[in-house]
Amino acid sequence: MTTCLRGFVCVPLIGALAGQVAHADPSIGHGVDRHAAPPSASAAHDGGKAAAEPSLDSLETELAHAATARGARDLQGRIEQLRLKPLAPTTTLLVRRAQDDLDAQRPLDAVQDMDDALLLQPDVEVLWRNRAQARLAARNPDGAVADLGVALHHDGRDLMAWKILEDTEEQRGDWQAAWKAWQHVRALDPTIPDADHQTEQLRLKAFGQPT
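The structure reproduced in this document is the subject of the present report. In this text the structure is predicted, and so the values were computed from the model without any measurement.

1. Some words on the overall build of the chain
Helix and strand counts for the chain come out as ten helices and two strands. In the chain, the succession of α and β elements from N to C terminus is β-β-α-α-α-α-α-α-α-α-α-α. Residues counted as buried form 46% of the 211 residues belonging to the chain. A sequence separation of at least 24 residues applies to 62% of the contacts in the chain between residues at least 6 apart. Surface accessibility of the chain: about 10600 Å² in total, with carbon and sulfur atoms responsible for 54%.

The structure is reproduced here in structure tokens:
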């Protein structure tokens with residue numbers, strides 16, 4: 001059971017599990033607990049020329065200035081991989097179990113799995129976003145909004161969290177809140193297809209026809 005947000009990479013409903021984030025660069029690893037390997041001996045003696053792994057902040061900045069949709073999709077995949085790196089093995093198992101529960105149409109069990117994951121690692125932003133998605137599947141949009149608020153407090157430039165928030169606010173019928181979330185989405189990814197059309201549709205629903 002996956003969520004394909006308009007103009008974005010398709011991700012599982014429960015976050016970006018290992019090997020399931022779509023991105024254009026096949027050289028990027030897929031392991032949930034993949035951490036950057038220590039520099040090789042040859043790199044250590046290369047006069048510091050080996051490129052350091054980009055930070056989440058730098059990749060988010062690069063995404064906000066992406067020139068093409070393909071480049072933006074690649075950056076989104078790399079960003080999601082970085083978000084997964086802090087997950088401990090036990091947390092990873094809980095996230096996978098939550099995905100299995102959603103696939104089996106057991107959203108309340110998925111929410112419980114994410115509750116347990118957050119007890120283990122409450123400081124990992126992506127887990128709050130994941131539980132928001134599980135709560136949304138369990139028809140609890142208010143709970144999803146609350147979790148997305150925590151996720152965005154950890155990282156206010158989480159493009160996927162803003163997009164999920166926009167979709168959630170649409171479901172709640174709060175069109176002005178959806179409009180505000182959409183403004184963040186557009187700022188964080190300038191390559192979204194049909195962004196002008198989506199902007200106009202949300203503006204009309206939020207504020208009505210101009211007088």
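Back to the text.
2. So, empty space enclosed by the protein
The full count for this structure, using the stated rule, is one cavity of 30 Å³ or more. Put simply, the largest cavity is a space of about 60 Å³. Every residue lining the largest cavity is listed: Glu60, Leu63, Gln76, Ile79, Glu80, Arg83, Arg157, Asp158, Leu159 and Met160. Of all the elements in the fold, those that place two or more residues in the lining of the largest cavity are α2 (56-64), α3 (69-84) and α8 (159-172). Broken down by element, the lining of the largest cavity gets its largest block of residues, four residues, from α3. Looking at the lining of the largest cavity residue by residue, the classes come out as four nonpolar, one polar and five charged.

3. Quick word on the packing of α2 against α3
α3 packs onto α2 with a crossing angle of 160 degrees between their chain directions and a minimal axis gap of 10 Å. Comparing the axis directions of α2 and α3 gives the class roughly antiparallel. Every pair of crossing elements has a handedness; the one defined by α2 and α3 is left-handed. Within the contact between the two elements, α2 uses Leu56, Leu59, Glu60, Glu62 and Leu63 and α3 uses Ala72, Leu75, Gln76, Arg78, Ile79, Leu82 and Arg83.

Procedures and definitions
- Residues numbered from 1 in each chain as written.
- Predicted model: local features only at pLDDT ≥ 70, side-chain atom pairs only at ≥ 80, totals over all residues.
- Heavy atoms only, no water.
- Helix = DSSP H or I, 4+ residues; strand = E, 2+ residues; numbered from the N terminus.
- Buried < 20%, exposed > 50% of the residue type's maximum accessible area, 1.4 Å probe, protein only.
- Contact = heavy atoms within 4.5 Å.
- Areas by Shrake-Rupley, 256 points an atom, 1.4 Å probe, with all protein chains shown as cover.
- 1 Å grid on protein atoms, 1.4 Å probe; cavity = no way out; pocket = protein on both sides within 12 Å on 5 of 7 lines; lining within 4 Å.
- Points joined across faces, edges and corners; volume = space filled by probe spheres on them.
- Nonpolar A, V, L, I, M, F, W, Y, C, P; charged D, E, K, R; others polar.
- Axes fitted to C-alpha atoms, helices over the stretch in contact; angles between N-to-C directions.
- Parallel < 35°, antiparallel > 145°, perpendicular 65-115°, else oblique.
- Left-handed = near helix turned anticlockwise from the far one by under 90°.

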